[in-house]
Amino acid sequence: MIPVPTPALLKQIAANENNVYASYHRLIDAALAKQVTRDDSYQRLVVQWSKLNLVPPGETKEATGRRRAAELPQFVTDLNQLLAPAAAQAQQPAEDFPPVAGSPWFIRLLNLIEEKVVLPIETGSPRAMASVRTCFGDEAAAAAPRFRKILQQLQAIHARSDGKSKGMLYNPQLPRSMGALGRGSGAAACIDLSSQFRPHLMSDVDAASTLVHEGSHTIAVEPTVDFAYRNAHAHYLLPPKLALMNAGNYEQVVIDLIGGKPGQLDAGDVKALRDGAGDSLAQVHALMCSRVVRAWVRVYDLIGLAANGRITAEELRELPPVPSDSGPLLTALLRELFAQLETLMSVVNTYLVLRLGPKPGGELTSAPEQRTKDDPGAHRRPPTPGDMQPLTFETTPTATTVTVSFDWASEGTPDAIARNVLFELTDRVWQGRRAVFSGSEVAHVVQSIQLTDRPALRAMLKDYYASLSRKTKID
């Protein structure tokens, strides 16, 4: 639903200030475009909206602002009435969540972490220490004792669980894709659980590794942060000192030692990824996944700050123009941005395949599907020497395959290639679709996340991305 403009916002609309009317324009355009039922009420609103945006000949800018301020509240009210049935249908039904305190499943998870992870590390098990060395490199000795501290923190948080506001508690407002979310630190820490965090919906290895990930955020001394995730194995690309502070690396050790999760890399695969050998575009994919998920988490943080009136202009600096001093309107915009980032995250993490094109003079294969801004339809053309595009796209129901030309990939850095793929991909995802934010706007938020993230993370993110600004090894 779109927030009805307050008197303060109407004053800004009348004065054409603070991007308020432009923000409503974004939200309303997207809402009308998404509407499935297009009856007489819908058609009437479309006509009214067109008239509201029309500037009659001779009407001054000031008069236009006053007219829009006078008419917008009723229009938004009528539009919300049209949107109400769809919003009610999309709302998740109330659920009865099982108690966490005394839960045999949670107790089993904590015991599993101790028996399969913490004790093997403390006793120097070769298998356990090999995983720790792979995930933390030269900082393995510093990382090892932190697993006991994380477990102790999880045990304390679980013991405080009261089903209301303390300990581990289910939060139906948490996105299901988030799994869980650690809040606070030390004795005041909590872990919010999504509705997916239940034994019939989540495996023990997923649940245990998620708890360690979130628990690592809440330890009292040097809590971890999230600046590289396990998607496309991005966490393996961190320098050891950054890996020590990254929650995903602790999560990976739990997965290695408990087992039962396919698709994990062995030590040789990790070395190849770090060296840029093997799959030469693996670093590009890992970097894209890391940036997109980091932006997704950061925008979720900003939603909470905006709703509580604690957001700053600095935190909004790299976002598209939005009103910084309106909680409900800014929150609505950020929720839409979060939803678009969630879509992009699914595309990048699940459906994106990066492929290296053939070497010059090598055998040419059939050209993949190509799309351009001038020609949004798919078309095929026979490949010819010297006529290969830097990026070509092939989209099917199960994958989006991007072929990067050999010459271009051999000259570019992972960061540069990832940036170009990202902007082209987002343009294609939202091409012809009326969304609140354009594809290039979403891509810019992702690409600039290290500039406006939490101050404690900015330097670490810059170091991480800088480490991937060298040329890939193209064999």
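Residues numbered from 1 in each chain as written. Predicted model: local features only at pLDDT ≥ 70, side-chain atom pairs only at ≥ 80, totals over all residues. Heavy atoms only, no water.

(A) Up close: unusual backbone geometry. A positive phi angle, close to 60 degrees, is found at Asn19, a residue other than glycine. Inspection of the secondary structure assignment puts Asn19 in the loop between helix 1 (7–14) and helix 2 (20–34). One non-glycine residue, Glu222, lies in the positive phi region at around 50 degrees. In this fold, Glu222 is placed in the loop between helix 9 (204–216) and helix 10 (240–243). (Helix = DSSP H or I, 4+ residues; strand = E, 2+ residues; numbered from the N terminus.)

(B) Representation of the pattern of salt bridges in the model. Under the criterion given, the structure shown has 20 salt bridges. One salt bridge in this structure joins Arg230 and Glu251, with 3.6 Å as the shortest N-O distance. Taken together, the positions of Arg230 in the loop between helix 9 and helix 10 and Glu251 in helix 11 (residues 247–258) put the pair 21 residues apart, joining distant regions of the chain. Residues joined by salt bridges that share partners form a network here, namely Arg294, Arg298, Glu315 and Asp453. (Salt bridge = Lys/Arg side-chain N within 4 Å of Asp/Glu carboxyl O.)

(C) Just the sheet that holds strand 2 (residues 180–183), in detail. Spatially, three strands are ordered 1-3-2 in an open sheet, and the strand pairing comes out mixed. Whereas interior strands pair on both sides, the edge strands pair on one side only; in this sheet they are strand 1 (168–170) and strand 2. Here the strands of the sheet are splayed against their neighbours by 25 degrees on average, with no regard to which way each runs. Pairing geometry for strand 1 and strand 3 (residues 190–193), over three bridges, is parallel. From the neighbouring strand, Leu169 faces strand 3, where its bridge partner is Asp192. (Pairing = 2+ DSSP bridges. Axes fitted to C-alpha atoms, helices over the stretch in contact; angles between N-to-C directions.)

(D) Molecular detail of the packing of aromatic side chains. Across all of its chains, the model carries twelve aromatic pairs by this definition. Ring geometry for Phe136 against Phe147: centres 6.4 Å apart, planes inclined by 85 degrees, an arrangement best described as edge-to-face. Note that Phe136 is positioned in helix 6 (residues 126–136) and Phe147 in helix 8 (residues 146–159), a separation of eleven residues in sequence. According to the relative accessible area criterion, Phe136 is buried, its value standing at 1%. Residue Phe147 is classed as buried on the basis of its relative accessible area of 3%. Taken together through their ring pairs, the aromatic side chains of Tyr21, Trp49 and Phe75 make up a single cluster. Lying across the ring of Tyr465, Arg291 places its NZ or CZ 3.7 Å from the centre. Sitting over the ring of Phe393, Arg428 keeps its end group 3.9 Å from the ring centre. (Phe/Tyr/Trp six-rings, centres within 6.5 Å; stacked < 30°, edge-to-face > 60°. Buried < 20%, exposed > 50% of the residue type's maximum accessible area, 1.4 Å probe, protein only. Lys NZ or Arg CZ within 6 Å of the ring centre and 35° of its normal.)

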